[in-house]
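# Observations on chain architecture
Listed here are the chains, written in short residue letters.
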Amino acid sequence: MLSSNLLLKCRSKILLRPCVYLVNQTALSSQLIEIGHLEKPKTTSNYETGQLFLHKVWGYRGIILFPWVARIFDRDLKDCSEEIKYNLTFLGGREVKCSTENYYQVLIDCRDRPYIRAQTEAVTFMGCASSSYRLLQSVPGLDYTAHRDILPYTATEKLPLKHEMFDSFFLYKPNKDPNIEAKDSLKVWKNNNVSWLRISDVHKETTEEVRITAIPFFMGCRRMPETTLYSWRYCIRLENLSDMSLHFKSHTWRIFSMSGLTETVKGKGVMGQELSLDKYSPSFQYCGHVNLSTPYGHMSGSFQVNREDGSSFDCLVPLFLLETKINQDDTLF
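Everything numeric in this text was worked out from a predicted model, so none of it was measured.

## A look at the overall build of the protein
- If you tally the helices and strands in the protein, you get two helices and 22 strands.
- Here the protein holds 333 residues, and the buried ones make up 49% of them.
- Pairs at least 24 apart in sequence give 65% of the contacts found in the protein among residues at least 6 apart.
- Accessible area for the protein stands at about 16,900 Å²; split by element, carbon and sulfur atoms hold 49% of it.

What follows is the structure, given as structure tokens:
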């Protein structure tokens, strides 16, 4: 189900119905806008840089910048071609099956950002500063999208995508095929920022028809007077796979550091607010940050979820590693 904009397929064309984003997401305007022609999704090859797409979960329009190959640690995985068993005995005593999947760095059309239940400024990094202290900065409308969530299309609009960085990275040539060409500046930007852009591991687990996906990213280090502080961001996606309305009442995080310390953090709902997911709006995504004084650790957690009938259960967040990724030439700030 598309969670933000209602997409209608009509005679191989894509029609986008803009909506006013409400809590129940039932208020739709009657205006239909043609935005392009659907293409056949790829199953055996990668999508190219400059490919326009619709996101199957969030419904936004986007454009692919470049691909990453991620390791998928799926607690629900039973069978897998090219299966790899990855032993996490030292991190909870569970053996988790692993596969690989392509994820794409993408730009989100700024016209669609207000209508999706996901943070649109979730990609953060350590920026440069005049002092030795690195400031936390964010890139608006930058996302990571799994290959399976891509619905490719060719635009018929005069403005195929609206984003602050589109003109810096692409040339739009409506009379050519393909009609979107990447500039050299995109490759330069990727090479300069690969350390905090790269996605490597994706962790998934399902509890009582609630699937949680966790993706950690190492952002960098800050050298303090007496220690070095290591920073990560993590992306959490919550998906209600049932037809029942679920209410996320509270959360608990357990953060383990290689120094031997374990910190337990409890709070209300999701990001400090109670959250409901139902069949009309089944998904939500957000990002958080964590700092450690050691270069390695791990995180796990749970959400207390209430059902419509008054019963409740604990939904598990899969354990994920916090690993540093520093090359010898990297500088610690």
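Having seen the structure, we can now continue with the description.
## Observations concerning the pattern of salt bridges
- On inspection of all chains with the given rule, the structure shows 13 salt bridges.
- Residue Arg237 is joined to Asp149 by a salt bridge in which the shortest nitrogen-to-oxygen separation is 3.5 Å. Of this pair, Arg237 sits in strand S16 (residues 228–240) while Asp149 sits in the loop between strand S10 (142–146) and strand S11 (150–155), and the two are 88 residues apart along the sequence. This pair shows no difference in class: Arg237 is buried, exactly as Asp149 is.
- Among the charged side chains, a network of salt bridges with common partners joins Arg61, Asp109, Arg111, Asp112 and Glu157.

## Let's talk about the nonpolar core
- Formed by 34 residues in total, the largest nonpolar core has its most connected members in Leu65, Tyr103, Trp189 and Ile199.
- When residues of this core are traced back to their parent elements, those giving at least two are strand S4 (52–55), strand S5 (61–74), strand S7 (94–108), S10, S11, helix H1 (166–169), helix H2 (184–197) and strand S15 (210–223).
- Here this core gets six residues from one element, more than from any other, and that element is S5.
- With residues up to four places along the chain from it excluded, the contact list for Tyr103 reads Phe66, Pro67, Trp68, Ala70, Ile72, Tyr144, Thr145, Ala146, Ile199, Val202, Lys204 and Ile215.
- Formed by 29 residues, the second largest nonpolar core is a distinct cluster that contains Ala214, Tyr234, Trp253 and Phe313.

## Notes on the packing of aromatic side chains
- Enumeration according to the criterion identifies 14 aromatic pairs in this entry.
- Arranged with centres 5.1 Å apart and planes meeting at 45°, the rings of Phe169 and Trp189 form a pair that is tilted. Here Phe169 is found in helix H1, whereas its partner Trp189 is found in helix H2, with 20 residues between them in sequence.
- Using a relative accessible area of 4% as the deciding quantity, one classes Phe169 as buried.
- Judged by centre distance (6.0 Å) and plane angle (40°), the ring pair of Tyr234 and Phe320 falls under tilted. Here the residue Tyr234 occupies a position in strand S16, and Phe320 occupies one in strand S22 (residues 312–323), the gap between them amounting to 86 residues.

## Some remarks on the environment of His298
- Residue placement: His298 occurs in strand S21 (residues 296–306).
- C-alpha of His298 to C-alpha of Thr262: the two residues are 36 residues apart in sequence and 9.6 Å apart in space.

## Examining the pairing of S4
- The side-chain alternation of S4 yields two buried faces, one formed by Leu52 and Leu54 and the other by Phe53 and His55.
- Pairing between S4 and S5: three bridges, direction antiparallel. From the neighbouring strand, Phe53 faces S5, where its bridge partner is Gly62.
- Counting the residues in the hairpin turn of S4 and S5 gives five residues, including Gly59, whose phi is positive at 80°.
- Inspection of the sheet shows S4 paired to S11 by four bridges, in the antiparallel sense. Pairing of Leu52 across the sheet is with Tyr153, part of S11.

## Here we look at the side chain of Thr252
- Locating Thr252 in the fold gives a position in strand S17 (residues 246–257).
- In this structure Thr252 touches Thr264, Val265, Lys266, Ser300, Gly301 and Ser302, once residues within four positions along its chain are discounted.

## Focus on the pairing of S5
- Taken across its 14 residues, S5 has eleven buried, putting it largely inside the fold.
- Both S5 and strand S14 (residues 201–207) contribute to a ladder of four bridges, which runs parallel. Bridging from a neighbouring strand, Ile72 pairs with Val202 of S14.

## Some thoughts on unusual backbone geometry
- The phi torsion at Glu208 lies on the positive side, around 50°, for a residue other than glycine.
- Structurally, Glu208 can be placed in the loop between S14 and S15.
- Look at Glu209: it is not a glycine, yet its phi comes out positive at around 65°.
- Mapping Glu209 onto the fold places it in the loop between S14 and S15.
- The class of Glu209 is partly exposed, set by a relative accessible area of 45%.

Cut-off values and rules
- Residues numbered from 1 in each chain as written.
- Predicted model: local features only at pLDDT ≥ 70, side-chain atom pairs only at ≥ 80, totals over all residues.
- Heavy atoms only, no water.
- Helix = DSSP H or I, 4+ residues; strand = E, 2+ residues; numbered from the N terminus.
- Buried < 20%, exposed > 50% of the residue type's maximum accessible area, 1.4 Å probe, protein only.
- Contact = heavy atoms within 4.5 Å.
- Areas by Shrake-Rupley, 256 points an atom, 1.4 Å probe, with all protein chains shown as cover.
- Salt bridge = Lys/Arg side-chain N within 4 Å of Asp/Glu carboxyl O.
- Core = buried A, V, L, I, M, F, W, Y, C linked by side-chain atoms within 4.5 Å.
- Phe/Tyr/Trp six-rings, centres within 6.5 Å; stacked < 30°, edge-to-face > 60°.
- Pairing = 2+ DSSP bridges.

These figures come from the coordinates and say nothing about function on their own.
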